[in-house]
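Observations on the three-dimensional arrangement
One letter stands for each residue in the lines below.
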Amino acid sequence: MNHAYIYDAVRTPRGKGRKGGGLHGATPVHLAATVLAALRDRHALDTSAIDDVVLGCVEPVGEQGANIARIAALVAGYDTVAPGVHVNRFCASGLEACNIAAAQVMAGQAGLVVGGGVESMSRVPMMTSGGAWAMDPDVARRTHFVPQGVSADIIATRWGYSRHALDCYAVESQRRAARAQAEGRYAASLVPVRDVNGIPLLDRDESVRPDATLENLSTLAPAFAGQGELGFDAIALQRYPDMERIEHRHHAGNSSGIVDGAAAVLIGSREAGARLGLRPRARIRAFGSIGSDPTLMLTGPSVATEKVLARAGMAVRDVDLFEVNEAFAAVVLRFLDALEVPADRVNVNGGAIALGHPLGATGAMLLGTVLDELERQDLNTGLVTLCVGAGMGTATLIERV
Amino acid sequence: MTMTADLFHYTVDADGIATLAFDDRERSMNVLNRASLEAFYGAVQRAIDDPAAQAILLASNKDDFIAGADLDMVLAFTDAAELKASTLRLHRVLRRLETCGKPVAAAINGTALGGGFELCLACHHRVAGDRPKALIGLPEVTLGLLPGGGGTQRLPRLIGVRAALPLLLEGRKLNPSQALKAGLVHELVSPGQERQAARVWLLGRIGQETRQPWDMPGFKLPGGPVQSPAGFEAFYAGNAMTLARTAGNYPAPHCILSCVYEGLQTDFDTGCRTEAGYFVVAALSPEAKAMVRTQFFHMNRVNALERRPQGVAPRRFSRVGVLGAGMMGAGIAYAQAMAGIDTVLLDTTQEAAERGKDHARRLLDQRVAKGRMGEAQRDAVLARIRPTTAFADLEGCGLVVEAVFEDRAVKAEVTRQAEAVLAPDAIVASNTSTLPISGLAQASARPAAFIGLHFFSPVDKMPLVEVIVGAHTSPQTLAHAMDYVRALRKTPIVVNDSRGFYTSRVFSTYVREGLIMLAEGVSPALIDNAGRLAGMPVGPLALADEIALDLADRVNRQTAADLGSQWVRTPAEEVTERMVHGLGRIGKKAGAGFYDYPAEGPKRLWSDLAHHFPLAAQQPELATVIHRLMYIQSVEAVRCMEEGVIDNGCDADVGALLGWAFPVCRGGPIGQIQQVGMREFAGACRALADAHGARFAPPALLEEMAVSGKSFYHA
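Cut-offs and rules
Residues numbered from 1 in each chain as written. Chains lettered and ligands numbered in written order. Predicted model: local features only at pLDDT ≥ 70, side-chain atom pairs only at ≥ 80, totals over all residues. Heavy atoms only, no water. Helix = DSSP H or I, 4+ residues; strand = E, 2+ residues; numbered from the N terminus. Rg over C-alpha atoms; globule rule 2.2 N^0.38 Å. Buried < 20%, exposed > 50% of the residue type's maximum accessible area, 1.4 Å probe, protein only. Contact = heavy atoms within 4.5 Å. Areas by Shrake-Rupley, 256 points an atom, 1.4 Å probe, with all protein chains shown as cover. Lys, Arg positive; Asp, Glu negative; His and termini not counted. Charge placed at Lys NZ, Arg CZ, Asp CG, Glu CD. Phe/Tyr/Trp six-rings, centres within 6.5 Å; stacked < 30°, edge-to-face > 60°. Lys NZ or Arg CZ within 6 Å of the ring centre and 35° of its normal. Pairing = 2+ DSSP bridges. Axes fitted to C-alpha atoms, helices over the stretch in contact; angles between N-to-C directions. Parallel < 35°, antiparallel > 145°, perpendicular 65-115°, else oblique. pLDDT = per-residue confidence, 0-100. Buried area = accessible area lost by both parts, 1.4 Å probe. Salt bridge = Lys/Arg side-chain N within 4 Å of Asp/Glu carboxyl O. Polar contact = N/O pair within 3.5 Å; in protein donor to acceptor, adjacent residues only side chain to side chain. Expected span 1.5 Å × (residues − 1). Right-handed = clockwise from strand over helix to strand, strands pointing away. Core = buried A, V, L, I, M, F, W, Y, C linked by side-chain atoms within 4.5 Å. Patch = residues over 30% accessible without salt bridge, like charges linked within 9 Å, V, L, I, M, F, W, Y side chains within 5 Å.

Within chain B one finds 30 helices and 21 strands. Whereas a compact globule of 715 residues would reach a radius of gyration of roughly 27 Å, chain B reaches 28 Å, a difference of no more than 12%. The principal-axis extents of the C-alpha atoms in chain B amount to approximately 85 × 65 × 55 Å. For chain B, buried positions account for 58% of its 715 residues. When contacts within chain B are restricted to residue pairs at least 6 apart in sequence, long-range pairs at least 24 apart make up 74% of them. Accessible surface, chain B as shown: approximately 28400 Å² in total, 53% of it carbon and sulfur. Computing the positive centroid from 73 side-chain charges and the negative centroid from 76, chain B places the two 3 Å apart.

This is the structure:
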């Protein structure tokens, strides 16, 4: 079998996902083209060698519709022979795109593929594309649909993560992100987004709150209590009748931030890389996705991780660093407990609570983040995993070469 | 038998208005059934084809317009393909009517509900007469059905999804004035002026092609399309609220949501076909069958006093005494005064009696505040209640309700004192909830005129009264007691004297099973959630707290004393005893029972509960817990029938529905057996008995009926 290597990973900074955000003035195509161009320019790549561009995006409508991967590739000036395809596995789309890229290479059907993702949550907000899950009465009833915030609170209640525990985790994420920013730990992958003149619009993640404390987080009211009262708590108890009630503990401060951003990862075979004079940084050893209960929704990471590690014949203790997307604090706390992973191996440079979660791009961003940190610490094995809407989980295991 | 053509009179006047007047002379109200629908189809086609008819007026020759669909017809539906085909036929006719080009108006002279109102929705103009008590709406959901004549497609296209969904999902019945405000009708006129006003509108439109708003080019759904932020919000919320409420036990509201969601995203005719599909699902569902049977047919039989002894002349009560002005007595006094009955409200002190009257005053003030009653009327009702301490004031009462403490001695004393003043044919009725009537009757000088009337709390809201026939109660007394209950506009079920009567006895098995499971180590959250998921309004543990554990404990002790060696003790009694005497937790009134009841915020399970009732390592499946909680009620109901406590399934189901909100989707404790199937139910009980105890063993009567194929609902 052919191996798939990561040759490079780049990302834009994460801009605040609302009007006034640093990247609000950048179209999604521009964000995606920015990272695609960066990959090319950093290596003087002959883009006619690129067999496919796979980009994740969760709201593929309006400005993000009509196969943004292909369109962004054209706009980035890639050779027209490089096709593109859009992929949607909700919050894991960016990682899924990289997994698909790796699969093409490992199957011997492609030499060089770009995986990545893009999401401008400020210009194409969450839920814009609608969908049957929440709206179609028949679907919502059969699947016991509850919104993700309520799912996070179910997890916090069921496994006993107190408000205090969640907020402590959030403060730590902010602290780690602030330290990473101060020490330039993101510099290797970060590419600025520029305006039409080339003047930088944003060159750093602007959501980080180094001033976050337990005190100021404690003043935030639970964000999903209203949804719970609307009926979703009762629905959750129909699904989990051994629970007395759902305690609402998540809020904007211990949940992922809404941001804009894009990322791209250059993945290829040994031969294709060699032909272009590229040096591989890591090998993608295994990857996969799983499905889990849609109502609980967010416990997929540990299950996906177990599946991927089993395929690679490895154990949790063999992994040096984890990136577990901080969709909600309880998601990570549950992962830590389920797999007995020490907290100092997980999200060591902060996560989406501090940096934000540009839905379709995050998975690809995390791949670059863990790789940069493996190199910085001269460690070997990293695993990226994200929880996914409708009850899924995706994971990817890499090792340095 | 009325000929099909006779059901709809067809006349065309000199102005070219064809009037289609519905008049079913064999019924008190017009209903839609096979015959009347055939007649309607014929009349509509005739009006469309008739060159002399330039406008069409839909009307009724009765006091009301159309009450709805004939529920006998609905219950008889069995074949999906056939039902869908006949539903689509109705759609075709209504479409022809509203697209024929001629203006069509409806003169809604009274109540127009369900299919009756759907016919009106297919008219271009609706005029309603402002008659008191006239009701307009689409209440099908309350019977487990949905508007199958285009209501789910026309109403939202008329007033938007946001406004239509609550009307459809709750089945709200509006008075004509409310119907106008809600946009259901176009015009409101004085009663009797409906046809005239409709004619004026029609005359103004003759010669102009008239269409429904949704058939006009460029039609936009009021409030915006389904796929929009507003549409998302409406369905996101509507789906959540509905599933939270039904727990999946009632298919009709979910079908309605799907009709609107799916149908409004297509053209009108496709929408009607979608509705027809869901209508069939709802109409053929066992839930709808159960709801129609219990809430309509059985309720009607019970309210028609089917069990009233024959040959006894009806009795009117103009003056009734109430002994005891506590919560129950005060509530009964209120109910009587509202029914126009002069009430003597008696207690040991004048203050106590006045307090009882104050209770009525508070309820009446609420009605006035809500605009449901005028001040003069309130004063008139209040004036009927005379608080007193003098038994002599009971003179002239045709009936006296004894509502004092649950204590034989106290009851005996007031009975004697009352009877000293009453006429020999005056009835003494005890509102006891636990003491056998025959025993109480021993204090009476004329036990033939002694009976039990078990009211439910709160009396102003609960329509059920258990009429308890003592060993010596005469048929006349029973008949007259039932007349009295109907005069109060309440529903009587007839029960023969026995411990716990019917409602307390059967209902308490639900609570007891919950306590037994707690003792077994089943999670209390699972127990109470299972009760709610089964369709009961409250879980058994929460209910035990509300009824009060110390009261239950007292009743247990009394029963144990009364029954001696016959008394079968279960872990439930031990749990109650431990809670009350060992742990000092007597229930909601003390803020502490199985739950804690903080001053602010919701109740929470007592955190020490698991310490005293440790959780079993292996927890049961939700379905098992539900079966235990629900089937034990049916088993007990059958035992009641076996012992002659209650003699028919109608009273058993109606009593359960009204007495303790037994989930109507299952029909009732007897209906549930029918729904599951007699043999299957008996088999399930045997399995439950093997696993959990002999109390589940199917009674002989059930085994016998499973074999014989008889019904519990004998006429």
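So, about the environment of Ala700(B). Residue and element names in this part refer to chain B. Note that alanine 700 resides in helix H30 (residues 700–708). With a relative accessible area of 53%, alanine 700 lands in the exposed category. Taking C-alpha positions, alanine 700 is 8.1 Å from glutamate 642, a pair spaced 58 residues apart along the chain.

Quick look at the packing of aromatic side chains now. All told, the structure shown has 19 aromatic pairs over all chains when counted by the stated rule. Ring centres of Phe224(A) and Phe328(A) lie 6.0 Å apart, and the angle between their planes is 75°; this geometry places the pair in the edge-to-face category. You can see Phe224(A) sitting in the loop between helix H8 (214–218) and helix H9 (225–239) and its partner Phe328(A) sitting in the loop between strand E10 (321–324) and helix H12 (329–339), a full 104 residues away along the chain. Centre to centre, the rings of Phe235(B) and Tyr261(B) are 5.3 Å apart; their planes meet at 75°, and the pair counts as edge-to-face. Within this pair, whereas Phe235(B) is found in helix H10 (residues 229–246), its partner Tyr261(B) is found in helix H11 (residues 251–263), the two being separated by 26 residues in sequence. On the basis of relative accessibility, which here comes to 7%, the residue Tyr261(B) falls in the buried class. Aromatic ring contacts, followed pair by pair, group Trp133(A), Phe145(A), Phe232(A), Phe232(B) and Tyr236(B) into a single cluster. Seen from the ring of Tyr186(A), Arg11(A) lies directly overhead, with NZ or CZ sitting 5.0 Å from the centre. Seen from the ring of Trp606(B), Arg585(B) lies directly overhead, with NZ or CZ sitting 3.9 Å from the centre.

This part is about the sheet that holds strand E4 (residues 55–60) of chain B. Residues and elements named next belong to chain B. The strand order across the open sheet formed by six strands is E1-E2-E4-E6-E8-E11, and the pairing between neighbours is mixed. Looking along the sheet, the strands with just one partner apiece sit at the ends: strand E1 (8–12) and strand E11 (187–189). Across the sheet, the mean angle from the axis of one strand to that of its neighbour is 20°, orientation sign disregarded. One ladder, built from three bridges, connects E4 with strand E6 (residues 104–108); its direction is parallel. When the bridges of E6 are listed, isoleucine 56 appears paired with valine 104. Its contacts with the sheet place helix H2 (residues 34–49) against E1, strand E2 (17–22) and E4, and it is angled at close to 15° to E1.

What follows concerns the packing of helix H6 (residues 151–159) of chain B against helix H12 (residues 268–284) of chain B. A pair of packed helices can be characterised by two numbers: the angle between their axes and the separation between those axes. Residue and element names in this part refer to chain B. Viewed as axis vectors pointing N to C, H6 and H12 meet at an angle of 135°, and their least axial separation amounts to 8 Å. Relative to H12, the element H6 lies oblique. In this structure, H6 contributes Gly151, Thr152, Gln153, Arg154 and Arg157 to the contact, and H12 contributes Phe268, Gly271, Cys272 and Glu275.

What follows concerns the confidence of the model for chain B. Per-residue confidence for chain B gives a mean pLDDT of 95, with 99% of residues at or over 70. For this predicted complex, the interface score ipTM comes out at 0.93, while the overall pTM is 0.94.

Let us now look at the interface of chain B and chain A. With 28 residues of chain B in contact, the opposing surface of chain A contributes 26 residues. Summing the contributions of chain B and of chain A, the shared interface buries around 2300 Å²; its carbon and sulfur component is 65%. The tally of links from chain B across to chain A stands at one salt bridge. For Arg604(B), the salt bridge identified is with Glu247(A), shortest N-O distance 2.6 Å. Viewed at the interface, chain A and chain B are joined by nine residue pairs in polar contact (both at pLDDT 80 or more). Those elements giving two or more residues to the side of chain B that touches chain A turn out to be H10, H11, helix H21 (524–533) and strand E21 (604–605) of chain B.

Residues and elements named next belong to chain A. By the element assignment, histidine 248 lies in the loop between H9 and strand E8 (259–268). Of the polar contacts made by the side chain of histidine 248, one reaches the side chain of aspartate 153; its length is 2.8 Å. Looking at histidine 248, its side chain comes within polar contact range of the side chain of aspartate 233, at 2.8 Å. In contact with histidine 248, not counting residues within four places along its chain, are Val150, Asp153, Pro222, Phe224, Ala225, Gly228 and Asp233.

Residue and element names in this part refer to chain B. Judged by pairing direction, the sheet is mixed, and its eight strands sit side by side in the order E14-E13-E12-E15-E16-E17-E18-E19 without closing on themselves. Two strands close off the open sheet at either side, each with one partner strand: strand E14 (385–388) and strand E19 (491–496). Pairs of neighbouring strands in the sheet enclose a mean axial angle of 25°, with direction left out of account. Contacts between helix H15 (residues 350–369) and the sheet are confined to strand E13 (342–346) and E14, with E14 contributing the most and set at about 160° to the helix. The strands that helix H27 (residues 649–660) touches are strand E18 (464–469) and E19; relative to E19, the one it contacts most, it runs at about 120°.

A separate point is unusual backbone geometry. The linkage connecting Ser457(B) with the following residue, Pro458(B), adopts the cis geometry, with an omega of -5°. Secondary-structure assignment places Pro458(B) in the loop between strand E17 (450–455) and E18. One non-glycine residue, Phe90(A), lies in the positive phi region at around 45°. The residue Phe90(A) is located in the loop between strand E4 (84–87) and helix H3 (93–106) in this model.

All names here are of chain B. With 12 residues, helix H17 (residues 408–419) should reach 16 Å at 1.5 Å per residue; the first-to-last C-alpha distance of 16 Å fits that figure. Along H17, the residues classified as buried are Lys411, Ala412, Val414, Thr415, Ala418 and Glu419. Considering only its buried residues, H17 is in contact with strand E12 (319–323), strand E15 (399–402), strand E16 (427–430), helix H18 (437–441) and E17.

Another aspect to go through is the pattern of salt bridges. Inspection of every chain in the model, using the stated rule, returns 65 salt bridges over all chains. A salt bridge links Asp167(A) to Arg163(A); the shortest N-O distance between them is 2.9 Å. Note that Asp167(A) and Arg163(A) are positioned in helix H7 (residues 163–182) at a spacing of four residues, about one turn of the helix. Put simply, Arg95(B) and Asp215(B) hold a salt bridge, and the shortest N to O gap is 2.9 Å.

This paragraph deals with the pairing of E12(B). All names here are of chain B. With four of five residues buried, E12 lies mostly within the body of the structure. With five bridges joining them, E12 and E13 adopt parallel strand pairing. Considered in E13, the bridge of arginine 319 is made with aspartate 342. Taken together, E12, helix H14 (residues 327–338) and E13 form a β-α-β motif whose crossover is right-handed.

Looking now at the environment of Asn349(A). Residues and elements named next belong to chain A. Within the secondary structure, asparagine 349 is located in the loop between H12 and helix H13 (352–355). Since its relative accessible area comes to 2%, asparagine 349 is described here as buried. For asparagine 349 and serine 173, which are 176 residues apart along the polypeptide, the C-alpha to C-alpha distance reads 7.5 Å. With sequence-adjacent residues up to four places away left out, asparagine 349 is seen in contact with Arg176, Ala177, Ala180, Arg185, Tyr186, Leu355 and Glu373. There is a polar contact of 2.8 Å between the side chain of asparagine 349 and the side chain of glutamate 373.

Phe8(B), Leu20(B), Phe40(B), Ile108(B), Phe117(B), Leu184(B) and Phe235(B) are the most contacted members of the largest nonpolar core, which has 139 residues in total. Within the second largest apolar cluster, 99 residues are counted, among which are Val495(B), Met517(B), Ala544(B) and Ile626(B).

The next subject is a nonpolar patch on the surface. All names here are of chain A. On the surface, a cluster of nonpolar side chains totalling about 240 Å² of accessible area is made up of Ile71, Leu74 and Val75. With respect to the helices and strands, the residue valine 75 is situated in helix H2 (residues 68–75). We classify valine 75 as exposed; its relative accessible area is 53%.

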